[in-house]
Amino acid sequence: MTRLLFAVLSIVTVLTLTACTNINGASKSATSLTSFLGFSELPDWYVRSKYSYPDSKWIDNDFGSPIHYRDIGEGPVVVLLHGEISSLHTWDKWIETLSQDFRVIAIDLPGSGLTSAPHCLSDPADTCAENLTLHYIQHTFEYFIEDLKLDKFSLVGSSYGGYLSALYALDHPQKLDKLILISPLGYQQEVPWILNYVTASGMDVLNRYFQPATVISTIVDDFYSSSENIKRVNLDRYIHLAQSDGAHASNVYQLKRVRQLMEQGMLFDMSEVITPTLVMWGKSDNWGSPEHATRWEEALSDAILVKYPFSGHALMEESPTKSVADAIAFITDEPLPSIEGLGTGGTFTINDAMQDFDKEALFGPSSDEDATDEAATEDSHADQEGEETLMDDSPE
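A.B. asks: How should the overall build of the chain be read in this particular structure?
C.D. replies: In terms of helices and strands, the chain carries 19 helices and eight strands. Classification of the 396 residues of the chain by burial places 51% in the buried group. By element, 52% of the accessible surface of the chain is carried by carbon and sulfur atoms, the whole surface being about 18700 Å².

A.B. asks: Sorry if this is basic, but what is going on with the state of the cysteines here?
C.D. replies: Two cysteines joined by a covalent bond between their sulfur atoms form a disulfide. Counting across every chain of the model gives one disulfide. The disulfide partner of C120 is C128, and the gap between their sulfur atoms is 1.8 Å. Disulfide C120-C128: torsion about the S-S bond near 100°, hence right-handed.

A.B. asks: How should the environment of A293 be read in this particular structure?
C.D. replies: Structurally, the position occupied by A293 is in helix α13 (residues 292-299). For A293, a relative accessible area of 0% translates into the label buried. Linking A293 and M280, residues 13 residues apart in sequence, is a C-alpha distance of 7.7 Å.

A.B. asks: Would you explain the sheet that holds strand β5 (residues 153-158) in this entry?
C.D. replies: By way of backbone hydrogen bonds, the strands of a sheet pair with one another, either parallel or antiparallel. The sheet built from eight strands is open, its strands ordered β1-β2-β4-β3-β5-β6-β7-β8 with mixed pairing. Two strands close off the open sheet at either side, each with one partner strand: β1 (56-60) and β8 (303-308). The mean inter-strand angle of the sheet, taken between neighbouring strand axes irrespective of direction, is 20°. Inspection of the sheet shows strand β3 (residues 77-81) paired to strand β4 (residues 103-107) by five bridges, in the parallel sense.

A.B. asks: What is the right way to look at unusual backbone geometry in this model?
C.D. replies: If a residue is not glycine, its phi is most likely negative; likewise, a peptide bond is most likely trans. Residue I85 is not a glycine yet carries a positive backbone phi of 50°. Mapped onto the secondary structure, I85 falls in the loop between β3 and α5 (92-98). On the basis of relative accessibility, which here comes to 6%, the residue I85 falls in the buried class.

A.B. asks: Any chance you could explain α13 here in plain terms?
C.D. replies: Along an α-helix, residues three or four apart share an orientation, since each turn contains 3.6 residues. Every buried residue of α13 is accounted for by H292, A293 and W296. Along α13, the residues classed as buried sweep out an arc of 110° about the axis, all on the same side.

A.B. asks: It is not clear to me how the nonpolar core should be interpreted in this structure. Could you clarify?
C.D. replies: The tendency in soluble globular proteins is for nonpolar side chains to be buried side by side. Counting 93 residues, the largest nonpolar core has L80, W94 and W296 as the members making the most contacts within it. Dropping the residues within four chain positions of it, W94 is found in contact with L80, V156, I182, M280, M316, P320, S323, V324 and A327. If you look at the next biggest cluster of nonpolar residues, it comprises five residues, including L42, Y51, L114 and L241.

Reading the values: the criteria
- Residues numbered from 1 in each chain as written.
- Predicted model: local features only at pLDDT ≥ 70, side-chain atom pairs only at ≥ 80, totals over all residues.
- Heavy atoms only, no water.
- Helix = DSSP H or I, 4+ residues; strand = E, 2+ residues; numbered from the N terminus.
- Buried < 20%, exposed > 50% of the residue type's maximum accessible area, 1.4 Å probe, protein only.
- Areas by Shrake-Rupley, 256 points an atom, 1.4 Å probe, with all protein chains shown as cover.
- Disulfide = S-S within 2.5 Å.
- Pairing = 2+ DSSP bridges.
- Axes fitted to C-alpha atoms, helices over the stretch in contact; angles between N-to-C directions.
- Arc of directions from axis to C-beta.
- Core = buried A, V, L, I, M, F, W, Y, C linked by side-chain atoms within 4.5 Å.
- Contact = heavy atoms within 4.5 Å.

The values are spatial; any link to function lies outside them.
Structure (structure tokens):
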């Protein structure tokens, strides 16, 4: 009887979400009918074999849960923190570029990616999503930094990861060179309807046990400025990682933290964050609130804001080339391409820009022109003197 009730509720949920999400994409990304309807979770061996990297690394946190991360490249250290219902895979394009000149470290936070749900303290073989508190995640990240013996680095955080990054900057300013926040959460805002659906009283319990793939595809739709920009490989990844062992319950706890932050707002004074900060925001953000971009810039003591037209919440996926170019410029104290209008990839230089200026109108005649004019004047004077001499020497 219980299974029948869940089946009916699952079908109703799928039909409810059909008009509001990419159901076709969700059905193609799901590994089975039970996965699509949200009855089953994927085993760890399958998810890890499909989404591990050749350079994937693992380290246990203080609570005995293995934490997945990547550590690639050499140079100044840049640490990347993903947001809710996401994973370190969201940084793939950034890592390709950053790792050419930096040591890049990206982590799957507890409850996300290949790290997945936290393990129970009483029985490490089982998962306990209820352990997924803000303190648990902060503690895991802080000791992760200590375990890797990172003394100084730049920190990049997206969405809820941006909020976590701001908290870290507040508590550990001596550790950070630069701080980059991509569409960070933190101010009160309207809660997306799908977030209400997953976390509302009663529905939060139901979603711990069955969670249709359309729930995740609806959230991903909101991460992008347009569902047409979502690549199939990315949607597959979001759905598969959100259906790993223990992920249904972890997703609910993650999203409840996000809802609480959206409803109540952050409880710290951002002016106390002294690290130089770059705030990046997509103007077509459907998950966060683009109006908050200026509030972050004004509240932080030392901040620059860059907005990206036609991009949404997941800038690192939707506009990876432009956003990572700005990030590199900010970290290395160079002019930001998006602000200076210099383009990316080295195809447009300051010299190119100078050629378009009317320099004479702006600065007056050039020094070469001045020298020519002076030479002409001197020649004219010499000619006049010569004529006067000739006139003086001529017979009367």
